[in-house]
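Below are the chains, spelled out letter by letter.
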Amino acid sequence: MRLSTLRHACRNLPTPSVHQPRTGVRVFGLAKSSLPLGPSSNSQLLLRAASSVSGTTSAEKAPKLGKQTDGPGYENTIRENVQRTKEEMVALQRGHPALKPTLAIIQADEDDRLLELNKKMAGKIGLNVTQICLPRECTEDEIIEEVLKLNEDPRVHGVYLHLPPASLTSRVLNTLRPEKDVDGVSDLNVGRLVRGDMNQGFIPPLANAVMELLARHDTPMEGRTVLVVGGEGPLGVALQCLMQRRGMVVLHSRRISEVLQKQANAVVLLAAGHMDVPPTWLRPGTAVIHCGSALMTDHGMEMSVVGPLTAALRMQNVVQSSSRWAQGQQYRPWTLRSLKLQPLSPVPSDIEISRAQTPKPVDQLAQEIGLLQEETEAYGRTKAKVRLSLLDRLREQPDGKYVVVAGITPTPLGEGKSTVVIGLVQALSAHLKLNSFACLRQPSQGPTFGVKGGAAGGGYAQVIPMEEFNLHLTGDIHAITAANNLVAAAIDARMLHEATQKDKALYSRLVPSVNGVRRFSPIQIARLRRLGISEIDPSALTPQEVSSFVRLDLDPAKVTWQRVVDTNDRFLRKITVGQASTEKGHVRETQFDIAVASEIMAILALADGLGDMKTRLGRMVVGSSRSGQPVTAEDLGVSGALAVLMKDAIKPTLMQTLEGSPVFVHAGPFANIAHGNSSVLADKLALKLVGEDGFVVTEAGFGADIGMEKFFNIKCRASGLRPNVVVLVATVRALKMHGGGPNVSAGSPLPREYIDENLSLVVKGCSSNLRKQIQIAHLFGVPVVVALNVFKTDTQAEIDLVCQMAKESGASDAVPCHHWARGGRGSVELAQAVKQAGSQPSHFQFLYSQETPIVEKIRMIAQKVYGADDIELSPEAQAKIDYYNQQGYGKLPICMAKTHLSLSHLPEKKGTPTGFTLPIRDIRASIGAGFIYPLVGTMSTMPGLPTRPCFYDIDLDPVTEEITGLF
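Everything numeric in this text was worked out from a predicted model, so none of it was measured. By convention here, each chain's residues receive numbers from 1 onward along its written sequence. Per-residue local features of the predicted model are confined to residues with pLDDT of at least 70, and side-chain atom pairs are confined, for both listing and counting, to 80 or more; whole-chain, interface and lining totals are unaffected and use all residues. Excluding hydrogens and water, the side-chain figures rest on all heavy atoms present in the structure.

In this description, a pair of aromatic rings is defined by centroid distance and the angle of the planes. Aromatic pairing here means that ring centres of Phe, Tyr or Trp (its six-membered ring) are within 6.5 Å. Orientation follows from the plane angle: under 30 degrees is stacked, over 60 is edge-to-face, and everything else is tilted. Going through the model one piece at a time under the given rule, you end up with 13 aromatic pairs. Their ring planes at 50° and their centres at 6.4 Å tell us that Y507 and F520 sit as a pair that is tilted. Here Y507 is found in helix α18 (residues 503-510), whereas its partner F520 is found in the loop between β17 (517-518) and α19 (522-530), with 13 residues between them in sequence. Remark: exposure states derive from per-residue accessible area (1.4 Å probe, protein chains only) relative to the maximum for the residue type, with buried under 20%, exposed over 50%, and partly exposed in between. According to the relative accessible area criterion, Y507 is buried, its value standing at 6%. Looking at F520, the relative accessible area reads 8%, which means it is buried. Consider the rings of F520 and F549, whose centres lie 5.5 Å apart with planes at 70°: the pair is edge-to-face. One end of the pair, F520, is in the loop between β17 and α19; the other, F549, is in helix α20 (residues 543-550), with 29 residues separating them in the sequence. Of the two residues, F520 and F549, neither departs from the other in class, the shared state being buried. Within the aromatic cluster, the residues linked to one another by ring pairs are Y402, F711, F712, F780, F844 and F846. Helix and strand definitions follow DSSP, with helices as H or I runs of at least four residues and strands as E runs of at least two, each counted in order from the N terminus.

Written as structure tokens, this is what we have:
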């Protein structure tokens, strides 16, 4: 920056916080700092004074240059600064008891005196100090490596670079994160000082010390002429700004000049080397500040008390940095900027609508909703992982309102729950100006390329970019696939090795000698403890203990763990493994499931942190031993590796809607055999972010009898969260089907009954299925708002009839929604109804107690939710119940695996079936996820491809790289 520009920038800036001048202070002492003073300067400060005797400039009457004497009251300056900083420290820790303000010092300097001074000053104030020692000949890259580590360390609030001047390069200084740059030497902090914006920056301690000293001189600050010699570096810029702000006249010179010095009341020498100033060149009472090269005077005198002042001011900056950090950890009000939407008619295809909107950069969205920079990990421009540390930061923040979107029993075409979630959130955020968050499941590749297509919403209520939402996203499903199949590989490998090796050989390979030493791994020690073996010396185990340790003795016929792939591949529903000659005849039948049916996916959706996920992964039961004992992933020794594969997948992915409202996309457990809800963690993070008056809207898969029931009994039990409102999605189309209309199927034209007005079918559908689903929600004590997802074939009479009958059936409100064609504006009425219902008291209750026996839990769901007369257990199901009770699993909640196309177990039974007995053909357990799932009828965990899958329409333009065919 040119000097003329700098002077203009510094003019009329706020006055810094420095002491007012005190009379009688004319002579100062010596200090040192490692601030860079110029391209080749060193970092030592020597304050000298000329004679203050009026009319006398002779050397005989002036103190000899180089002599160190401290002016009156100077020790008080240090004492006052230290005391003020200690008081700030006490106040800070009173409000934040867990906070331990810490200064990190990177040292590559043989002279430890200044280092020890700073450590001593930190101790007086109560700061923690961590020291990183580097060799004096360290490279720039070695320094930067340490700086980057400290940048990312949340325990460090300030970094002091105690380095040789040559090491303080621009690259090093600007690598340091500005908020930790307590010496104020980075370009950004210097720029803040020039601009007068010190809300985030720091005044360099050395510059501040000079100003404190000058403030004690007899001459008033304002109007004083100061000659600055040298000073092309940060210190020179800082001093010039501070002086001009105090009304001083600053003269600048590259070398010592008798003419200029005779005009000055003070001289600041920032150039390198030892520069003596003849006393005859100075006006009486002139203060000389010399940044020389010697720590000691010519007579070997030690550092004076100016050094402690600079150190004290550095510690003040550290405390200020810690205070800013603590303030930054508080909840931040949203500054959400909504994206404008201009709906077209007729409504274009989903992908055309998605591409017509330009999403906000994800870092901007994160900042708008109060996320800190270190809490996000960007995956490209429009999506980012959010770190779970947010939960700890906002643990005292009250949660917002919790809304779950469920539906009536759907048609095979789906009724648009995801679209309703997005439209509702767009209405709340963009139109009612309420903080709101959507929490959605990640779509599986299976339906995307199969028969259903994408799941990003539709029309003008979408998550964007819809291609990224539907394809890979941030790789969570791939991580689940890798983890799941690692378990499967471990199972077959372990059975092979146990079958082909004796105990001694197996033990030698499981606990190998490394450099002559044998040790158990931590996960093996955990297995020993479960076996009741306390010994940790591998050589001390008895033969019987060795045998117990090495033999899981898995029964191949009782392995319950399957391999997975995220593709609809019907020919993997049953396979044979082990046919190669290398497997020595160990052939067995097994199968593949679709990846979202993996228990690891269910665990991801229910875990409340990394530790909880790791524990759940370890206790997954993969099969039984020949003696009937459960074998877990931890027994296989694989649970730690699974946690490693899943460490990033546990973080929710942040995206946005077409109108710029935030969305968490996380997890996607199979809705038939698992609970079919997005993750607990996404909901918890969102509830903290929206604030007490905000709304989090999450979706439960399929109808209220499946997704919502599991949301309440499983997800809410695991999370401890309590919903405020149920939004029940209905369509005229589905109600006509439940009223007796003909079947519908994907890819086939709709029968006339669904296109023409038919009030009779609507009445029958409302009287049966809609009424029943409202009653199911009321079983849990939560207010219900019915959202009628309007299609262009619906008539006004049909719409009015549904809303009227929904209210008569017990809904708090029922409103038509037009978000598909209009975006958030088309769901404003729904948003207002949800807001009103959310202000009502919610009397949430579980359907059953955990203590209730397994059979009775199943019976309560069948009778109270489905409307069955009773249940019928197969002998195999009864045997499994007895086994699970014996193993201590009887208190787990129930996750019914049944068709979503009917309240009963028969897909063709529409409306509200009665007079049926629910058959339970088998019962299985997901011990890691924490639920037992009865199998009702025949449920496939590997969908198949139709004759004409969606992939016929999906293509890529090799020039533009645009994807076509996603709907």
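A separate point is the nonpolar core. One finds F437, L654, F664, F712, L770, V786 and L918 to be the most contacted residues of the largest nonpolar core, which totals 140 residues. Every residue pair with non-hydrogen atoms within 4.5 Å of one another is taken to be in contact. Dropping the residues within four chain positions of it, L770 is found in contact with I408, L728, A730, L735, G765, V786, V802 and A806. Core analysis: the second largest hydrophobic core is formed by 37 residues, V403, A427, V665 and A831 among them. To qualify as a nonpolar core, a set must consist of buried Ala, Val, Leu, Ile, Met, Phe, Trp, Tyr and Cys residues joined through side-chain atoms within 4.5 Å.

Let us now look at the side chain of K715. Within the secondary structure, K715 is located in helix α26 (residues 704-719). Judged by relative accessible area, which is 0%, K715 ranks as buried. When near neighbours in sequence (up to four residues on either side) are disregarded, K715 contacts Y402, L606, H675, N677, S678, S679, V680, D683, T698 and K710.

Right, let's get into the sheet that holds strand β18 (residues 554-559). Pairing between strands is defined by DSSP: at least two bridges between the two strands are required. A sheet is described by the order of its strands in space; here 3 strands give the open sequence β18-β23-β24, paired in antiparallel fashion. Sheet topology places β18 and β24 (630-632) at the edges, where each strand pairs with a single neighbour. Averaged over all pairs of adjacent strands, the angle between their axes in this sheet comes to 50°, without regard to strand direction. Strand direction decides the pairing type here: strand β23 (residues 621-625) and β24, joined by 3 bridges, are antiparallel. Note on β24: the bridge partner recorded for V621 is T632. Lines fitted to C-alpha atoms define the axes here, with helix axes fitted over just the stretch in contact, and angles between the N-to-C directions of these axes take values from 0 to 180 degrees. Here helix α17 (residues 476-500) sits on the sheet in contact with β18 and β23, set at roughly 130° to β18.

Here we take up the side chain of S625. Positionally, S625 belongs in strand β23. When residues no more than four places from it in sequence are discounted, the contact partners of S625 are L552, D553, L554, D555 and V631.

All right, on to the sheet that holds strand β31 (residues 870-873) then. Spatially, 3 strands are ordered β31-β32-β33 in an open sheet, and the strand pairing comes out mixed. With partners counted over all chains shown, the strands left at the sheet margins are β31 and β33 (931-936), one partner each. Adjacent strand axes in the sheet meet at a mean angle of 50°, parallel and antiparallel pairs treated alike. For strand β32 (residues 917-926) and β33, the ladder comprises 6 bridges, and the chain directions are antiparallel. When the bridges of β33 are listed, R924 appears paired with Y933. On the sheet, helix α32 (residues 854-866) packs against β31, β32 and β33 and is oriented at approximately 135° with respect to β31.

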